[in-house]
Structure formats: structure tokens, C-alpha cells
Amino acid sequence: MPGTTLGAFTSGRLWLAFGTTAVFEAGVMGMFSYLAPVVTDVAGLPTGAVPLVLTLYGLGSLVGVQLGGRLADAYPWATLYLSLGVLVLVLAAVAAASSAPWVLLAGAFVLGVAVFVAATPLNARVFALAGPAPTLASASNASAFNVGNTIGPWLGGLVISAGFGFRMPSAVAAVLVGGALGLGLLSRALDARVARREVSAVEAMACRT
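What you see is a predicted model, and the numbers here were worked out from it, not measured in a lab.

## Structural notes on the packing of helix 3 (residues 49-74) against helix 5 (residues 101-129)
- Packing of helix 3 against helix 5 brings their axes to within 6 Å, and their N-to-C directions diverge by 35°. The chirality of how helix 3 crosses helix 5 is right-handed.
- Per-class residue counts for the contact of helix 3 with helix 5 are 18 nonpolar, 7 polar and no charged.

## Here we look at the nonpolar core
- Phe24, Leu84, Leu87 and Leu111 are the most contacted members of the largest nonpolar core, which totals 32 residues.
- Of all the elements in the fold, those that place two or more residues in this core are helix 1 (12-32), helix 2 (35-42), helix 3, helix 4 (76-97), helix 5 and helix 7 (168-208).
- Take this core: its biggest share by element is 8 residues, from helix 4.
- Apart from residues lying up to four places away in sequence, leucine 84 is in contact with Phe24, Ala118, Val177, Ala180 and Leu181.
- With 12 residues, the next largest nonpolar core counts Phe9, Ala17, Phe18 and Ala133 among its residues.

## Quick notes on the packing of aromatic side chains
- All chains considered together, the criterion is met by 6 aromatic pairs.
- Measuring from centroid to centroid gives 5.4 Å for tryptophan 15 and phenylalanine 18, while their planes differ by 85°, and the two rings are edge-to-face. Here tryptophan 15 pairs with phenylalanine 18, and both are found in helix 1, just 3 residues apart, close to one helical turn.
- For phenylalanine 18, a relative accessible area of 6% gives the class buried.
- An angle of 65° between the planes, with centres 6.5 Å apart, marks the rings of tyrosine 57 and phenylalanine 116 as edge-to-face. Of this pair, tyrosine 57 sits in helix 3 while phenylalanine 116 sits in helix 5; the two residues are 59 residues apart in sequence, bridging distant segments of the chain.
- For tyrosine 57, a relative accessible area of 12% puts it in the buried group.
- Residue class for phenylalanine 116 comes out partly exposed when judged on its relative accessible area of 31%.

## Digging into the confidence of the model for the protein chain
- For the protein chain, the average pLDDT comes to 91, and 91% of its residues sit at 70 or higher.
- The least confident element of the protein chain, judged by mean pLDDT, is helix 7 at 86; the most confident is helix 4 at 96.

## Describing helix 6 (residues 134-161)
- Taking 1.5 Å per residue as the helical rise, helix 6 with its 28 residues ought to reach 40 Å, and the 41 Å between its terminal C-alpha atoms agrees with that figure.
- Those residues of helix 6 that sit buried are Ala137, Asn141, Ala144, Phe145, Gly148, Gly152, Pro153, Gly156, Gly157 and Val159.
- A positive backbone phi angle near 95° is found at glycine 163, which sits one or two residues after helix 6.

## Considerations on empty space enclosed by the protein
- For the structure shown, the criterion picks out 2 cavities of 30 Å³ or more.
- Residue lining of the largest cavity: Ala17, Thr20, Thr21, Trp77, Leu80, Pro121, Leu122, Arg125, Gly184 and Ser187, and that is the complete set.
- Within the lining of the largest cavity, the residues separate by chemical class into 5 nonpolar, 4 polar and 1 charged.
- Here the second largest cavity defines a volume of roughly 30 Å³.
- In this structure, the second largest cavity is lined by Ala26, Gly27, Gly30, Gly152, Gly156, Pro169, Val172, Ala173 and Leu176.
- For the lining of the second largest cavity, the secondary-structure elements that each account for two or more residues are helix 1, helix 6 and helix 7.
- Ranked by residue count, the leading element in the lining of the second largest cavity is helix 7, at 4 residues.
- Of the residues belonging to the lining of the second largest cavity, the class tally is 5 nonpolar, 4 polar and no charged.

## Here's the deal with helix 1
- The terminal C-alpha atoms of helix 1, which comprises 21 residues, lie 30 Å apart, in line with the 30 Å expected from a rise of 1.5 Å per residue.
- Measuring from the side-chain oxygen of the N-cap residue of helix 1 to the backbone nitrogen of arginine 13 gives 3.3 Å; that N-cap residue is serine 11.

## Considerations on a nonpolar patch on the surface
- A grouping of Leu59, Leu62, Val63, Leu67, Leu71, Tyr75, Phe109 and Val110 is seen on the molecular surface, where their side chains present a nonpolar patch of about 680 Å² in accessible area.
- A total of 5 residues in the nonpolar patch trace back to one element, the largest contributor, which is helix 3.
- With respect to the element layout, leucine 71 can be found in helix 3.
- In this structure leucine 71 comes out as partly exposed when scored by relative accessible area, which is 36%.

Analysis parameters
Residues numbered from 1 in each chain as written. Predicted model: local features only at pLDDT ≥ 70, side-chain atom pairs only at ≥ 80, totals over all residues. Heavy atoms only, no water. Axes fitted to C-alpha atoms, helices over the stretch in contact; angles between N-to-C directions. Helix = DSSP H or I, 4+ residues; strand = E, 2+ residues; numbered from the N terminus. Left-handed = near helix turned anticlockwise from the far one by under 90°. Nonpolar A, V, L, I, M, F, W, Y, C, P; charged D, E, K, R; others polar. Core = buried A, V, L, I, M, F, W, Y, C linked by side-chain atoms within 4.5 Å. Buried < 20%, exposed > 50% of the residue type's maximum accessible area, 1.4 Å probe, protein only. Contact = heavy atoms within 4.5 Å. Phe/Tyr/Trp six-rings, centres within 6.5 Å; stacked < 30°, edge-to-face > 60°. pLDDT = per-residue confidence, 0-100. Expected span 1.5 Å × (residues − 1). 1 Å grid on protein atoms, 1.4 Å probe; cavity = no way out; pocket = protein on both sides within 12 Å on 5 of 7 lines; lining within 4 Å. Points joined across faces, edges and corners; volume = space filled by probe spheres on them. Polar contact = N/O pair within 3.5 Å; in protein donor to acceptor, adjacent residues only side chain to side chain. Patch = residues over 30% accessible without salt bridge, like charges linked within 9 Å, V, L, I, M, F, W, Y side chains within 5 Å. Areas by Shrake-Rupley, 256 points an atom, 1.4 Å probe, with all protein chains shown as cover. Salt bridge = Lys/Arg side-chain N within 4 Å of Asp/Glu carboxyl O.

What follows is the structure, encoded as C-alpha cells:
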């Protein structure tokens, strides 16, 4: 079973990777879904500024795709932790100071960079754990992104409906991305434990021979 396609899904570390993806995406989309009212109602910019903010996010995403591919290949964990850490800071800054237009404009660009840098090691992590099921694992990770796409805006809508205003989805998003960072740290700790067990097993076999 462990060597089969479905057997790959018995790995707790793989499911943890899916969970990290979902929580990360929930944070991103929880903020991004309500970006337009932040631009107009919080920062006080005209409606015509919304495409500008989205363009800055898009430019940041282009930079992020380029950086993510290069950095995640050489430094997967460092790239993941740094990008998620930057995301937490940017989301917190938007929640606290998005009434200042320059904070929002700069935040949109940095957000685009960090999101797409983080996406690369998140996907690579799933492939690393997929074993004989790379295609199914990749499809499942896409589903995890979509779970986040559903949960994030829902949570953002809840806090807005509760009367906390359009800033609060960014604060919730910062907490969620911080949770994804915590799951990433847990993933690395589990990898280290598995590696220690494998070394111990090899040493035990060597002693028997």
C-alpha cells in the first residue's frame, strides 16, 4: 500500500503540506477579496485607483514568480519561512495603516512578491512528499488552494459583517498566514524526526551485520 498511488496519501506529512497550503491561501484571499473597499473606503482613494493597486500586485507577482523559482530550488525552507514572514508583516501593516495610501500601494506590490515566492516551495513540498503519486498530489494541492479560496473570503466577510470594518480581514489574514508559518515549522521538525529514525534504523542494521 505505501508504494501505491493511494498509499502516498497515508503520509501525515503530505496532509500537513495540504493544510499549510489551504491556511496560506485562506490568508491571502481573505485580504485580497476585500482589497477594493480598502482602497476606496479606508485609504480614501478614488475608484480609479483600484486598477492601479491591482496592477502593482500583478507586477509584484511577476517578480515573485521569478524569485520563487530560483530561491526555492536552492533554499526551500528559508524561502518559505521568509516569504510567509514578510506576508505576515505586510498584512499587519495594511490592517494598521492602510489609511495611508503609500502603505497600501507599497503593500500591494510586496504582497504580490511574497505570495508568489511562497507558492513555489509550497508546491515543491507536496511534490517532494508525493512519492508515486505526483499527479494526484498536485491535483489535491490545487484543491487545497481552492479550500483556502473559500474559507478566507468567508472569514473576511464574517468580521466585516460583525462591524469590525474593512481593515479587519487583513488582520485575520495575518493570523492565518502566521498559522501557515507555524505549520511549515512543524513540517520541518517532522522531517528531522523522520531522518533521525532512518539513521537509527540504518545504524541498527549495521550493528546486526
